[in-house]
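Observations on the model geometry
Here is what each chain is made of, one letter per residue.
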Amino acid sequence: MISEGKHHNYFYLILNGGVKSYYLKDSKEVCMWFAFDYETVATIKTLEGQASNETIELLEDSELIQFNTKAIKDLANLYIDVSHVINVLITEHAEFLEDRIYQLQFMSSEERYDALITVAPEVLQKVSLTDIASFLGISRETLSRIRRSK
């Protein structure tokens, strides 16, 4: 959907399905986030007309609504309600990032796993264990130990 190093003129609303976002480090995917039904998909860089630092790809067959970023920004300049929606989306993303930093800095691997499953239980059905481990910042073996202890 969106490729690292490339400009992208759209953002999306997932009607059903799922996506993952990742960075490449030494040819290895490092998962940053997942999005599922009724969530918005974009990168801040592409919303600002810059090349993305992330790659976003579908996890499964998905149904999406595509929005032209420039057209939505033009509407936001004309209509306060559209501007408000954009503000809400960016605020939600900032809150997610704040929570993510907190989890990585202050929570154990098991606490991060529990938090992920609480917020997005569908991750267990839609995301590979390798990607879940990458997102949590742990090895697949550690993830397997955590899952066995549950």
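Here, every reference points to the structure presented above.
1. Details of a nonpolar patch on the surface
- Among the surface-exposed residues, Leu75, Leu78 and Tyr79 lie close enough to one another that they form a single nonpolar patch of about 330 Å² accessible area.
- Within the secondary structure layout, Leu75 lies in helix α2 (residues 69-78).

2. Overview of the pattern of salt bridges
- Per the counting criterion, the structure on display carries seven salt bridges.
- Where Lys126 meets Asp37, a salt bridge forms, and the shortest distance between an N and an O atom there is 3.9 Å. Taken together, the residues Lys126 in helix α5 (residues 123-126) and Asp37 in the loop between β3 (28-36) and β4 (40-41) connect sequence positions 89 residues apart.
- Residue Asp37 is classed as partly exposed on the basis of its relative accessible area of 35%.
- Taken together, the salt bridges that share partners define one network made up of Lys20, Glu29, Glu57 and Asp131.

3. Side note on the layout of surface pockets
- Its volume calculated, the largest pocket comes out at about 1100 Å³.
- If you go around the largest pocket, you meet 38 residues; those closest to its centre are Thr40, Leu89, Glu92, His93 and Phe96.
- Going through the elements one at a time, β3, β4, α1 (44-47), α2, α3 (80-106), α4 (109-119) and α6 (129-136) are the ones with two or more residues in the lining of the largest pocket.
- Partitioning the lining of the largest pocket into residue classes produces 21 nonpolar, seven polar and 10 charged.
- Its volume calculated, the second largest pocket comes out at about 230 Å³.
- Residue lining of the second largest pocket: 14 residues in total, with Tyr23, Met32, Glu54, His93 and Leu97 positioned closest to the centre.
- Secondary structure elements with two or more residues in the lining of the second largest pocket: β3, α1 and α3.

4. With respect to the environment of Ala76
- In this structure, Ala76 sits in helix α2.
- When the C-alpha positions of Ala76 and Asn87 are compared, they lie 9.9 Å apart, and in sequence the two are 11 residues distant.
- Contacts of Ala76, omitting those with residues within four sequence positions, involve Val82, Ser83 and Ile86.

Basis of the calculations
- Residues numbered from 1 in each chain as written.
- Predicted model: local features only at pLDDT ≥ 70, side-chain atom pairs only at ≥ 80, totals over all residues.
- Heavy atoms only, no water.
- Patch = residues over 30% accessible without salt bridge, like charges linked within 9 Å, V, L, I, M, F, W, Y side chains within 5 Å.
- Areas by Shrake-Rupley, 256 points an atom, 1.4 Å probe, with all protein chains shown as cover.
- Salt bridge = Lys/Arg side-chain N within 4 Å of Asp/Glu carboxyl O.
- Helix = DSSP H or I, 4+ residues; strand = E, 2+ residues; numbered from the N terminus.
- Buried < 20%, exposed > 50% of the residue type's maximum accessible area, 1.4 Å probe, protein only.
- 1 Å grid on protein atoms, 1.4 Å probe; cavity = no way out; pocket = protein on both sides within 12 Å on 5 of 7 lines; lining within 4 Å.
- Points joined across faces, edges and corners; volume = space filled by probe spheres on them.
- Nonpolar A, V, L, I, M, F, W, Y, C, P; charged D, E, K, R; others polar.
- Contact = heavy atoms within 4.5 Å.

By themselves, these observations are geometric and do not establish any function.
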